[in-house]
Amino acid sequence: MAEMVFKYSAMNGGKTLNILQTAYNYEENNFKVIIIKSIKDTKGRNNIISRNGMKRAVDILLKDEESLLKEKYYKKYYTAKVILVDEVELLNEKQIRELWTISHLINIPVICYGLKSNFKGEIFDKGISQIFAIADIIEEIGSSSLCRCGKKAIFNARKVNGKYTDNGPTIMIDDGMVKDIEYVPLCSDCYLKYVKINSIEVKKLTNLVDKIK
Ligand SMILES: [Zn+2]
């Protein structure tokens, strides 16, 4: 039976490259592939673009609250061998449940790629909570992203005007439209050091350490 898979990594972890490679592997064998992404991902407009510049048009550019259970989409799934979803963290809970239903009812593998956490280090959104709850397989992408210190990156830190911040809305796309916003993959130690250094937890523990010294 087909399965719904969630593959995650921090930013710059090779997710889009992985999708493009997977699509290529299927198409090389003459199997049709459906690529879905949310319209919220304004980067590349209706294309997905890997960091090394490879790109490909998506088959479904999904609107915010749009249902995936539509006749025009069903016709696409029906002739395809696999469904690939880029930046799945931008889909809502309902869209995730629809993908799961499609996968199991039509018997087509659905492979979703995305981030598990936002720049605050919290579960990205309700869609990601939902995918953790129902995906058949959850795996970290092997070629995971690296922190600037060389350790494996876990966090997707946000920099605004060159400064780390954990304030602001969850979704701000670094598509070149919003100036001075960038995301930096960081390991836990660096996230603590650069982003969380002024948090209540860190201050409390630092005080305790000083007291006991
Ligand atoms: Zn680090």
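Note that the structure is a prediction, hence the values are computed from the model and not measured.

Asks: Can you help me understand the environment of Ile131 in this one?
Replies: You can see Ile131 is positioned in helix 4 (residues 126-134). For the pair Ile131 and Cys187, spaced 56 residues apart in sequence, the C-alpha to C-alpha distance is 24 Å. Leaving out residues up to four positions away in the same chain, Ile131 has contacts with Met4, Phe6, Val88, Ile96, Cys112 and Ile138.

Asks: I tried to follow the coordination of the zinc ion on my own but got confused; where do I start?
Replies: When a metal carries six donors in an octahedron, the ideal angles between them are 90 or 180 degrees, while four donors in a tetrahedron ideally lie at 109.5 degrees. Every protein donor of the zinc ion is listed here as Cys147 (SG), Cys149 (SG), Cys187 (SG) and Cys190 (SG), and their distances to the metal cover 2.3 Å. Each of the four donor atoms bound to the zinc ion contributes to angles spanning 103 to 115°, and the resulting shape is tetrahedral. All donor residues of the zinc ion come from one chain, and their arrangement in sequence is C-x1-C-x37-C-x2-C. Placement of the pair is Cys147 in the loop between strand 8 (137-140) and strand 9 (155-160) and Cys190 in helix 5 (residues 188-194), with a sequence separation of 43 residues. Neither Cys147 nor Cys190 differs from the other in exposure class; each is buried.

Asks: How should I be thinking about the layout of surface pockets in this particular structure?
Replies: Where empty space is left can be seen by rolling a probe of water-molecule size over the atoms. If you add up the space inside the largest pocket, you get close to 680 Å³. At the level of elements, helix 1 (15-28), strand 3 (47-49) and strand 9 are the ones that each hand at least two residues to the lining of the largest pocket. Top contributing element to the lining of the largest pocket by residue count: helix 1, with three residues. Split into classes, the residues belonging to the lining of the largest pocket amount to twelve nonpolar, ten polar and nine charged.

Asks: Please explain the nonpolar core as it appears in this structure.
Replies: Where a protein is soluble and globular, its nonpolar side chains tend to be buried together. If you look at the biggest cluster of nonpolar residues, it comprises 32 residues, and the most contacted ones within it are Ile36, Ile83, Val85, Val88, Leu99, Cys112 and Ile131. When near neighbours in sequence (up to four residues on either side) are disregarded, Ile83 contacts Ile34, Ile36, Tyr77, Ile102, Ile108, Pro109, Val110 and Ile111. Listed in part, the 13 residues of the second largest apolar core include Val5, Ile35, Val82 and Ile111.

Asks: Help me out: how do you make sense of the confidence of the model for the protein in this one?
Replies: For any part of a model where pLDDT is low, the fine detail of the predicted coordinates should not be relied upon. Taken over all residues, the pLDDT of the protein has a mean of 92, while the share at 70 or more is 97%. Across the protein, the element-wise mean pLDDT spans from 89 in helix 6 (residues 200-212) up to 98 in strand 6 (residues 82-85).

Asks: Sorry if this is basic, but what is going on with helix 1 here?
Replies: At 3.6 residues per turn, the α-helix brings residues three or four places apart onto the same side. In this model, helix 1 (14 residues) spans 20 Å end to end at C-alpha, consistent with the 20 Å of a helix rising 1.5 Å per residue. Looking only at helix 1, the buried set comprises Lys15, Thr16, Asn18, Ile19, Leu20, Thr22 and Ala23. Looking at the buried positions of helix 1, the neighbouring elements they touch are strand 2 (33-38), strand 3, strand 4 (55-57), strand 6 and strand 7 (110-114). Looking one or two residues beyond helix 1, the residue adopting positive phi is Asn30, at roughly 65°.

Asks: Would you explain the packing of aromatic side chains in this entry?
Replies: Overall, the coordinates contain seven aromatic pairs when judged by the stated rule. Look at Phe155 and Tyr191: their rings are 4.0 Å apart centre to centre, the planes differ by 10°, and that puts the pair in the stacked class. With a gap of 36 residues between them, Phe155 in strand 9 and Tyr191 in helix 5 connect regions that are remote in the sequence. In this structure Tyr191 comes out as buried when scored by relative accessible area, which is 3%.

Asks: Just checking my understanding: could you explain empty space enclosed by the protein for this structure?
Replies: Inspection of every chain in the model, using the stated rule, returns one cavity of 30 Å³ or more. Quantified by volume, the largest cavity comes out at close to 60 Å³. Lining the largest cavity are Tyr8, Ser9, Ala10, Lys116, Ser117, Glu140, Ala153, Ile154 and Asn156. Across the lining of the largest cavity, the residue classes tally to four nonpolar, three polar and two charged.

Asks: Explain the sheet that holds strand 8 here, please?
Replies: Either a parallel or an antiparallel arrangement is found when strands of a sheet pair, and the pairing is made through backbone hydrogen bonds. Strand order in the open sheet formed by six strands is 5-2-6-7-1-8, with parallel pairing between adjacent strands. Taken across any chain shown, the strands that pair with only one partner, and hence form the sheet edges, are strand 5 (60-62) and strand 8. Across the sheet, the mean angle separating the axes of adjacent strands is 20° when strand polarity is ignored. Here five bridges tie strand 1 (residues 4-8) to strand 7, and the two strands are oriented parallel to one another. When the bridges of strand 7 are listed, Lys7 appears paired with Tyr113. Helix 1 rests against strand 2, strand 6 and strand 7 of the sheet, and its axis sits at about 160° to strand 7. Against the sheet, helix 2 (residues 71-79) contacts strand 2, strand 5 and strand 6, and its axis sits at roughly 135° relative to strand 5.

About the thresholds
Residues numbered from 1 in each chain as written. Predicted model: local features only at pLDDT ≥ 70, side-chain atom pairs only at ≥ 80, totals over all residues. Heavy atoms only, no water. Helix = DSSP H or I, 4+ residues; strand = E, 2+ residues; numbered from the N terminus. Contact = heavy atoms within 4.5 Å. Donors = N, O, S within 2.8 Å, 3.2 Å for Na, K, Ca; no water. Tetrahedral: all angles 85-135°; square planar, octahedral: opposite > 155°, others 65-115°. Buried < 20%, exposed > 50% of the residue type's maximum accessible area, 1.4 Å probe, protein only. 1 Å grid on protein atoms, 1.4 Å probe; cavity = no way out; pocket = protein on both sides within 12 Å on 5 of 7 lines; lining within 4 Å. Points joined across faces, edges and corners; volume = space filled by probe spheres on them. Nonpolar A, V, L, I, M, F, W, Y, C, P; charged D, E, K, R; others polar. Core = buried A, V, L, I, M, F, W, Y, C linked by side-chain atoms within 4.5 Å. pLDDT = per-residue confidence, 0-100. Expected span 1.5 Å × (residues − 1). Phe/Tyr/Trp six-rings, centres within 6.5 Å; stacked < 30°, edge-to-face > 60°. Pairing = 2+ DSSP bridges. Axes fitted to C-alpha atoms, helices over the stretch in contact; angles between N-to-C directions.

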